[in-house]
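Residue-level structure breakdown
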Amino acid sequence: MAEQDWMKRARALVGKQYGRVYAWDKVNAPMIRQWCELMGVAVPVDADGTVLAPAAMLQVWCMEGPVANNYPPGSTTENPYEVLKLMETEGFASVVAVNSELSFERMVREGEKLYYTTRLDSVGEEKTTALGTGFFVTLVMTFFAEQSAGDEKVGELLFRVFKFRPANPVKPADSSSGSKADLPAGPPKIKRSAPGISDDNRFFWDGVREGRLLIQRCKSCGSLRHPPGPVCPSCHSFEWDTLQASGGGTVYSFVVMHYPEVPPFDHPNPIGLIELDEGTRLVAQLVGIKPSEVQIGQRVQVEFNAFNDGELVLPQFRPVPA
Ligand code: ZN
């Protein structure tokens, strides 16, 4: 059977070692400091004053950067994910990462040069999950520090994915709502993306649909808050109701989006941070003004405009005389 043939080829790859992927740079203090700043942790320093890299940073050193597969000279050109490619040709087109487990031998030090090698650790039996039918594939990357007396293993990353045939494949978007689905009507019209609506912010979007701009108000201390959330940041009460805003406010700050030009928006696209007269601020598109003429402090008034054939209503702000 064909499937058994390709599966034999997939299983034959288990245990295969793939060559080295080098780090672009030696372990260095600026990158460690920036990483620690972002994570909000202190920079580890050895007793002799050498900067150490936090263990959880291990994967960072050998990353390719924003350009895919841009690895330093000397790195392998083999594809450690070849088994996934093989599965793709058999219809297991989707992938989801399920485990990423780092383990460490020691912290690496400023000045060390790292590389890793990859081993295809296992290909599981065919499994059916809620996502679909496929295979768990496990790869292990082993990280080494180059040493004149023999390279030293410093850590390991176990990475497991589920490569599967989706149970409910997503149907291509149908641009027409009628029965002419077999006639392509040109490129689909790109809609405005809809807000993510949760139990915390549903009142806001329901209000917008009714032409009302609602601000969440704490029932215990009366503080107003936006964006909506379950707890009052002032007194930690869960009790809240809403206040209907007048819709008047001022431009507290703004940006004008020039690039990238993302449909369906017109560009340049002015977006305001509006301070409502009641005191809370919200982000909304500015309308009825040339992007070059938006000014901080400008008086604005809300209006409610429908998009996506009426499916979506958004609050937008238009300049009014002061
Ligand atoms: Zn409160």
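Please refer to the structure higher up on the page.
First, a word on what this report is: a plain description of the structure on this page. (Residues numbered from 1 in each chain as written. Predicted model: local features only at pLDDT ≥ 70, side-chain atom pairs only at ≥ 80, totals over all residues. Heavy atoms only, no water.)

A few points about empty space enclosed by the protein
Applied cut-off: Think of a 1 Å grid over just the protein atoms. A cavity is a set of points where a 1.4 Å probe fits yet cannot get out, a pocket is an open set with protein on both sides within 12 Å along at least five of seven lines, and lining residues have an atom within 4 Å of a point. Grid points are joined across faces, edges and corners, and a volume is the space filled by probe spheres set on the points. Three categories are distinguished: nonpolar for Ala, Val, Leu, Ile, Met, Phe, Trp, Tyr, Cys and Pro, charged for Asp, Glu, Lys and Arg, and polar for the others, with Gly belonging to the last.
If you walk through the whole model with that rule in mind, you get 2 cavities of 30 Å³ or more. By volume, the largest cavity is sized at about 40 Å³. Around the largest cavity sit Phe 204, Leu 213, Leu 214, Ile 215, His 226, Leu 276, Thr 280 and Leu 282, which together line it. For the second largest cavity, the calculated volume is near 40 Å³. Considering the residues around the second largest cavity, the lining is formed by Ala 53, Pro 54, Ala 55, Leu 58, Arg 106, Met 107, Val 108 and Val 154. Residues belonging to the lining of the second largest cavity are distributed by class as follows: 7 nonpolar, no polar and 1 charged.

A short note on the packing of aromatic side chains
Keep this limit in mind: Stacked, edge-to-face and tilted are the three classes for Phe, Tyr and Trp ring pairs, Trp counted by its six-membered ring, which pair at centre distances within 6.5 Å; planes under 30 degrees apart are stacked, over 60 edge-to-face, the rest tilted. Each helix is a run of H or I in the DSSP string that is no shorter than four residues. Each strand is a run of E no shorter than two, and both are numbered from the N terminus. Here the term buried applies to any residue with accessible area under 20% of the maximum for its type, exposed to any over 50%, and partly exposed to those in between, with areas from a 1.4 Å probe on protein chains only. Criterion for a charge above a ring: Arg CZ or Lys NZ at most 6 Å from the ring centre, at most 35 degrees from the ring normal.
Counted by the stated rule, this structure contains 10 aromatic pairs. For the ring pair Tyr 115 and Phe 144, a centre distance of 5.3 Å and an interplane angle of 20° mean the geometry is stacked. Remark: Phe 144 occurs in strand β7 (residues 132–145) and Tyr 115 occurs in strand β5 (residues 114–123); sequence separation between them is 29 residues. For the pair Tyr 115 and Phe 144, a shared accessibility class is recorded, and that class is buried. Summarising the aromatic geometry, the rings of Tyr 116 and Phe 143 are spaced 5.2 Å apart at their centres and angled 40° between planes, so their arrangement reads as tilted. Linking Tyr 116 in strand β5 with Phe 143 in strand β7, this pair joins segments that are 27 residues apart in sequence. With respect to class, Tyr 116 is no different from Phe 143; both count as buried. Feature note: the residues Trp 6, Phe 92 and Phe 135 constitute an aromatic cluster, connected by ring pairs. A cation over an aromatic ring shows up here: Arg 165 above the ring of Phe 92, its NZ or CZ 4.3 Å from the ring centre. Over the face of the ring belonging to Tyr 252 we find Arg 281, whose NZ or CZ atom lies 3.5 Å from the ring centre.

Description of the pairing of strand β14 (residues 281–285)
How we decide: Two strands make a pair as long as DSSP finds a minimum of two bridges between them.
Here 5 bridges tie strand β13 (residues 269–276) to β14, and the two strands are oriented antiparallel to one another. By the bridge assignment for β14, Leu 273 is matched with Val 283. Hairpin connection from β13 to β14: 4 residues lie between these consecutive antiparallel strands, with Gly 279 at a positive phi of about 120°.

A closer look at the nonpolar core
Where we set the bar: Residues belong to one nonpolar core when they are buried, are Ala, Val, Leu, Ile, Met, Phe, Trp, Tyr or Cys, and are joined through side-chain atoms within 4.5 Å.
If you look at the biggest cluster of nonpolar residues, it comprises 23 residues, and the most contacted ones within it are Phe 204, Leu 213, Ile 274, Leu 276, Leu 282, Leu 286 and Phe 317. Elements that contribute at least two residues to this core include exactly α4 (202–209), β9 (214–218), β13, β14, β15 (299–307) and β16 (312–319). Grouped together as the second largest cluster of nonpolar side chains are 20 residues, Val 21, Cys 62, Val 108 and Leu 157 included.

A word on the layout of surface pockets
Taken as a whole, the largest pocket holds about 540 Å³ of empty space. Taken together, 23 residues line the largest pocket, and the ones lying closest to its centre are Arg 192, Val 283, Ala 284, Gln 285 and Leu 314. Broken down by secondary-structure element, the contributors of at least two residues to the lining of the largest pocket are α4, β13, β14 and β16. Its residues assigned to classes, the lining of the largest pocket comprises 15 nonpolar, 7 polar and 1 charged. Size it by volume and the second largest pocket reaches roughly 470 Å³. In terms of lining, the second largest pocket is formed by 21 residues, of which the most central are Val 21, Glu 64, Tyr 71, Tyr 81 and Tyr 116. Of all the elements in the fold, those that place two or more residues in the lining of the second largest pocket are β5, β7 and β8 (152–166). Each residue belonging to the lining of the second largest pocket can be placed in one class, and the counts come to 12 nonpolar, 7 polar and 2 charged.

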